[in-house]
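# Tertiary structure, described
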Amino acid sequence: MFSGLQSLELLDLSSNQISDTHNVQFEVEGFWVLGDHCRNLSLANNKIRAFKWFSDYNKVQNVDLRFNKVETITFWSLEDYSEPSRKVNFDLSQNNLTEFNVEANTQGYEIKLSKNPLNCDADGFYQLIRGWKNRDFELDFGDETCHGPDFMEGKLLKDLQLNEIYHKISNCFEVCSCLMRKFDAALIVNCSSRGISEPPR
């Protein structure tokens, strides 16, 4: 529907009750496609839980998804897509994102993630921080802290260094806790104050 409007510059769908975007007429295989002309998309203040973005077929510069219930977001692009990177602002503040996976070319993107319960041990979190540190894209966490796991809770996301990100290993020694540092795959085994009479096997 909207992708065929040659003069469409702004699409404002904010402050509605939109929760399921799978059946809207401007999607292709569930991904938002707005064509070559629309520059601004506002979906703020809805009830959206999942969002897919097909970057190849969009020229949008600003996407506003604040104050939704977004739990998962997917960025996708064609592997051989070669258009130069462009600046795109994504505002995902005030949502329910626990993890954020970067699997597409998001170079030049500016993504706001404040007020989300991000898990600092989630799959893809290390890649997210690494891409940010390498300046592949810009992230704005505000003053948000890690909401898990317990050994990282309270750490400011904007201050995190790559060598501070650990992954908890579940199949470790029974009485010990084990962490793997993502940066260099170093293993940290803590068996302190476990009341053991001999080293674990």
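Criteria and thresholds
- Residues numbered from 1 in each chain as written.
- Predicted model: local features only at pLDDT ≥ 70, side-chain atom pairs only at ≥ 80, totals over all residues.
- Heavy atoms only, no water.
- Helix = DSSP H or I, 4+ residues; strand = E, 2+ residues; numbered from the N terminus.
- Salt bridge = Lys/Arg side-chain N within 4 Å of Asp/Glu carboxyl O.
- Buried < 20%, exposed > 50% of the residue type's maximum accessible area, 1.4 Å probe, protein only.
- Disulfide = S-S within 2.5 Å.

### Thoughts on unusual backbone geometry
Residue Pro149 is bonded to the preceding Gly148 through a cis peptide linkage, with omega at -5°. Within the element layout of this structure, Pro149 appears in the loop between strand 10 (138–140) and strand 11 (166–169). A positive phi angle, near 60°, is found at Gln94, a position not held by glycine. Locating Gln94 in the fold gives a position in the loop between strand 8 (88–91) and strand 9 (109–112).

### Focus: the pattern of salt bridges
Taken as a whole and judged by the stated rule, the model has 6 salt bridges. Residue Asp91 is joined to Arg66 by a salt bridge in which the shortest nitrogen-to-oxygen separation is 3.8 Å. Here Arg66 lies in the loop between strand 6 (62–64) and strand 7 (72–76) and Asp91 lies in strand 8, a separation of 25 residues in the sequence. A relative accessible area of 14% means that Asp91 is categorised as buried. Taking the shortest distance from any N to any O, the salt bridge between Glu110 and Lys87 comes out at 3.5 Å. Here the residue Glu110 occupies a position in strand 9, and Lys87 occupies one in the loop between strand 7 and strand 8, the gap between them amounting to 23 residues. Given a relative accessible area of 31%, Glu110 falls into the partly exposed group. It is possible to trace a salt-bridge network through shared partners that takes in Asp64, Arg66 and Asp91.

### Re the state of the cysteines
According to the stated counting rule, one finds 3 disulfides in the structure shown. The residue that forms a disulfide with Cys120 is Cys146, at a sulfur-sulfur distance of 1.9 Å. Taking the sign of the S-S torsion, about -95° here, the bridge from Cys120 to Cys146 comes out left-handed. Residue Cys120 is located in the loop between strand 9 and helix 1 (125–133), and its partner Cys146 is located in the loop between strand 10 and strand 11; the two are separated by 26 residues in the primary sequence. Across this residue pair, the class does not change: Cys120 and Cys146 are buried. Put simply, Cys176 and Cys191 are joined by a disulfide, and their sulfur atoms are 1.9 Å apart. The chirality of the disulfide connecting Cys176 with Cys191 is right-handed, given an S-S dihedral of about 105°. Placement of Cys176 in the loop between strand 11 and strand 12 (177–181) and of Cys191 in the segment after strand 13 (187–190) is noted, with a sequence separation of 15 residues between them. Judged by relative accessible area, Cys176 falls into the buried class, the value being 10%. If the cysteines joined by disulfides in the protein chain are listed in sequence order, their pairing comes out as 1-2, 3-5, 4-6.

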